[in-house]
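Coordinates in review
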Amino acid sequence: MVCYLLTKPTNPLNKKQNKKIFWLLVEEQLPTTIRPPLPIIHSRKLAFPPKFKAPRQVWVSNMDTVEEEKLGLIDLHPEVFAERPRVDIIHENVRWQQLYRHVSYANTKMRYEVRGGGKKPRQQKGSGRSRHGSIRSPIWRGGGIVHGPRSPTPYFYMLGFNTRLNGLRSTLSAKLAQDDLHIVDSLDIPTDDPSYLEKLVEERGWGPAVLFVDDNDIMPLNITAASDSYGHYNLMPVYGLNVYSMLKHHTLVLTLAAVERLEERLLFHLNRNDAASAGQKYRLDSV
Amino acid sequence: MASVAARSFVFRQQMNTRRFDFASCLKIKSFYSSYSANPKEKSPENYTQYHEVSSDNWKFVERLKPPTVVPSFPKNGSCFSDWTPPPDTPPNLPYFVKRTKNFMVPVYLNFEAVRNQRKITMVKHIEGDIWALEKAIKSHLEEVTKRQVVSQVHEVAMYIKFRGDYVLHVKKWLLNAGF
């Protein structure tokens, strides 16, 4: 969809006037969304249906219009989205995400690295002063540091699989409980204008920072172009979902496909029986 | 010089250049590191015969493989072990102890402290009023064993630990309670 100016502005540098005309045209030329009778999305079949826990129900909204239109109501699995949030596990996950790739480049020289200090300062006996072997020993001023930082020091470690899994469950549950989780049918928006996205987010009261999550890693062109100019609207595939990003962004917006994939993966790992044998090859401390 | 020629030939083979000269007739060393370096496949009669088995027989292979996900247990029929299936309705209590993914009662025996001296009975997968459950199990254990029972309630991780080996007693209590 191409927007063009009908009238030539008097001053081409008058950005405010241009913007006004442009936005009027955008509003005029947005295609009107024609929908079949609601609700479009009726229900979802849950894998590993919960026995005594009630599934959580959420609205499914649209991205076609700035105003929110509810397309239907779906169930979310309570073991993924209604788990008791473990704050300690969330903290562990955040700490791991920040630390595992951290490399400390701080460095201090040891006694053999400090310039000089190869010669015995004075003879062992006779001078009346204390005995020394080198002017760069750690007890000397300007000498080497014994247990100081040594560059590069990696802080890599792997958090246990189940800790990471439960971190995702806890964070998703916390997001849903705090009304920061929204489901949309897809991430297709009618225009690639960045202000459309901004208006949409403002209208719906979504947080300053929004994380859009879809199943596919190649996102629709319009939303990619629209969110490109904003650092606080981010697109992410399901496989990149992590605790730190979910906490950094105020609102989490999942597509239906993303919800399906997320639930399928998390429930599979919660109910599988061959985790020990499957995880054997990833164990760091065993051959 | 011969060693240099050999090394250059080897290097050329690795580089996969095709030069039909005297050196290429010599086969000093072969590195089958790429497709084009490998000898090409000959016609089928040079190799052993094979015949395709019907794909219907794959089910005999599949049923030998263990299932990755625990299948659901049969609803009727008795098990020859002392395992009882989880009930269909939860008991009317302020707490609930969920079965594991293998439908087992979540009571475990841990060995803690130095050199695995201390036996600890752990109850996991607790939901609801954990203190009420701890009081109920503790009073039962003290009644059965006629001695003081020390316990730990972890409200964040939702588990209870009892100092001592009371696994069978706790499991029996939980099954009787209807979990």
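Procedures and definitions
- Per chain, the residues get numbers from 1 upward, laid out in the order the sequence is written.
- Each chain is given a letter, starting from A, and each ligand a number, starting from 1, according to the order in which they appear as written.
- Thresholds applied to this predicted model are a pLDDT of at least 70 for local features of residues and 80 or more for the giving and counting of side-chain atom pairs; totals over whole chains, interfaces and linings are not thresholded and use all residues.
- Calculated side-chain values reflect all of the structure's heavy atoms, with hydrogen atoms and water omitted.
- A run of H or I in DSSP becomes a helix once it reaches four residues, and a run of E becomes a strand once it reaches two; helices and strands are each numbered from the N terminus.
- Whether a residue is buried, partly exposed or exposed follows from its accessible area with a 1.4 Å probe, protein chains only, as a fraction of its type maximum: under 20%, in between, or over 50%, in that order.
- All accessible areas in this document rest on Shrake-Rupley with a 1.4 Å probe, and a residue is counted as covered only by the protein chains that are shown.
- Read the arc as the range of directions from the helix axis to the C-beta atoms.
- Whether two residues are in contact is decided by their heavy atoms, any of which lying within 4.5 Å being enough.
- To define a nonpolar core, start from buried Ala, Val, Leu, Ile, Met, Phe, Trp, Tyr and Cys residues and group those joined through side-chain atoms within 4.5 Å.
- An automatic or database domain assignment supplies the start and end points of every domain.
- Simply put, an axis is a line fit to the C-alpha atoms, just over the touching stretch for a helix, and the angle between two N-to-C directions goes from 0 to 180 degrees.
- We call two directions roughly parallel when the angle between them is under 35 degrees, roughly antiparallel when it is over 145, roughly perpendicular when it lies between 65 and 115, and oblique otherwise.
- If you view the pair so one helix is near and one far, a crossing is left-handed when the near helix is turned anticlockwise from the far one by less than a right angle, and right-handed when it is turned clockwise.
- A 1.4 Å probe defines the accessible area here, and the buried area is the portion of it lost by two parts on being joined, summed over both.
- Basic side-chain nitrogens of Lys or Arg form a salt bridge, by our definition, when they fall within 4 Å of a carboxyl oxygen of Asp or Glu.
- Throughout this description, a polar contact denotes any pair of N or O atoms lying within 3.5 Å of each other; where both atoms belong to protein, one of them has to be capable of donating a hydrogen while the other can accept it, and for residues adjacent in sequence the pair is counted only when both atoms sit in side chains.
- Two strands qualify as a pair provided DSSP detects at least 2 bridges between them.

Things to note about the overall build of chain B
Helices and strands together make up the secondary structure of chain B, namely 5 helices and 6 strands. Taken from the N to the C terminus, the helices and strands of chain B come in the order α-α-α-β-β-β-β-α-β-β-α. In chain B, buried positions account for 23% of the 179 residues. A total accessible area of about 13800 Å² is found for chain B, and carbon and sulfur atoms account for 57% of it.

A word on helix α5 (residues 167–177) of chain B
Residues and elements named next belong to chain B. Of all the residues in α5, the buried ones are Val 167, Val 170, Trp 173 and Leu 174. For α5, the buried positions fall inside an angular range of 135° around the axis, keeping them on one side. Turned more than 90 degrees away from the buried face of α5, the exposed residues are Leu 168, Lys 172 and Asn 176. The inward-facing, buried residues of α5 abut β1 (95–97), β2 (107–112), β3 (118–123) and α4 (130–145). Taken from the residues just after α5, Gly 178 is the one with a positive phi, measuring 105°.

Describing the nonpolar core
In this structure, Phe 81, Leu 172, Val 213, Leu 241, Leu 252 and Leu 254 of chain A are the most contacted members of the largest nonpolar core, which totals 32 residues. If one sorts the elements of this core by residue count, helix α8 (residues 256–271) of chain A sits on top with 7 residues. Not counting chain neighbours up to four residues away, the residues in contact with Phe 81 of chain A comprise Leu 76, Leu 172, Ser 173, Leu 176, Leu 181, Leu 254, Leu 262 and Glu 263 of chain A. Counting residues in hydrophobic clusters, the runner-up holds 23 residues, among them Phe 96, Leu 141, Tyr 166 and Phe 179 of chain B.

Some details on the domain arrangement of chain A
Partitioning chain A into structural domains gives domain 1 (56–101 + 156–286) and domain 2 (104–154). The gap between the C-alpha centroids of domain 1 of chain A and domain 2 of chain A is 53 Å.

Considering the packing of α4 of chain B against α5 of chain B
All names here are of chain B. Where α4 contacts α5, the axes come no closer than 11 Å and their chain directions differ by 125°. Considering their axes alone, α4 and α5 lie oblique with respect to each other. Note that α4 runs across α5; the crossing there is right-handed. Facing α4, whose interface residues are Leu 133, Ala 136, Ile 137, His 140, Leu 141 and Val 144, α5 presents His 169, Val 170 and Trp 173.

Focus: the interface of chain B and chain A
Taken residue by residue, the interface counts 17 residues in chain B and 14 residues in chain A. The largest contributions to the chain B side of the interface with chain A come from Thr 68, Val 69 and Lys 101 of chain B, which together make up 39% of the buried area. Lys 98 of chain B is the salt-bridge partner of Glu 79 of chain A, the closest N and O atoms lying 3.1 Å from each other. Taken together, the connections running from chain B to chain A amount to 5 residue pairs in polar contact (both at pLDDT 80 or more).

Let's talk about the pattern of salt bridges
All names here are of chain A. Counted according to the given criterion, the structure contains 13 salt bridges over all chains. Here Arg 261 makes a salt bridge to Asp 215, at a shortest N to O gap of 3.8 Å. Of this pair, Arg 261 sits in helix α8 while Asp 215 sits in the loop between β6 (210–214) and α6 (221–228); the two residues are 46 residues apart in sequence, bridging distant segments of the chain. A relative accessible area of 31% means that Asp 215 is categorised as partly exposed. Between Arg 261 and Glu 264 there is a salt bridge, with the nearest N and O atoms lying 3.1 Å from each other.

What to know about unusual backbone geometry
Phi is mostly negative for residues that are not glycine, and the peptide bonds are mostly trans. A cis geometry characterises the amide bond from Ser 151 of chain A onward to Pro 152 of chain A, with omega recorded as -20°. Structurally, Pro 152 of chain A is set in the loop between β3 (103–104) and β4 (153–154). Notably, His 125 of chain B is not glycine yet its phi reads approximately 55°, a positive angle. Within the secondary structure, His 125 of chain B sits in the loop between β3 and β4 (126–128). You will see that Lys 146 of chain B, though not glycine, has its phi angle at about 60°, which is positive. Looking at where Lys 146 of chain B falls in the secondary structure, it is placed in the loop between α4 and β5 (151–154).

Details of the sheet that holds β5 of chain B
All names here are of chain B. One open sheet accounts for 4 strands, arranged β2-β3-β6-β5; its pairing is antiparallel. The open sheet has two edge strands with one neighbour each: β2 and β5. Neighbour-to-neighbour, the strand axes of the sheet open up by a mean angle of 25°, direction not taken into account. As judged from the 6 bridges shared by β2 and β3, these two strands associate in the antiparallel manner. Bridge pairing in β3 links Tyr 108 to Met 122. Contacting β5 and β6 (159–163), α4 crosses the sheet at an angle of about 25° to β6. In the packing of α5 onto the sheet, the strands contacted are β2 and β3, and the crossing angle to β2 comes to about 155°.

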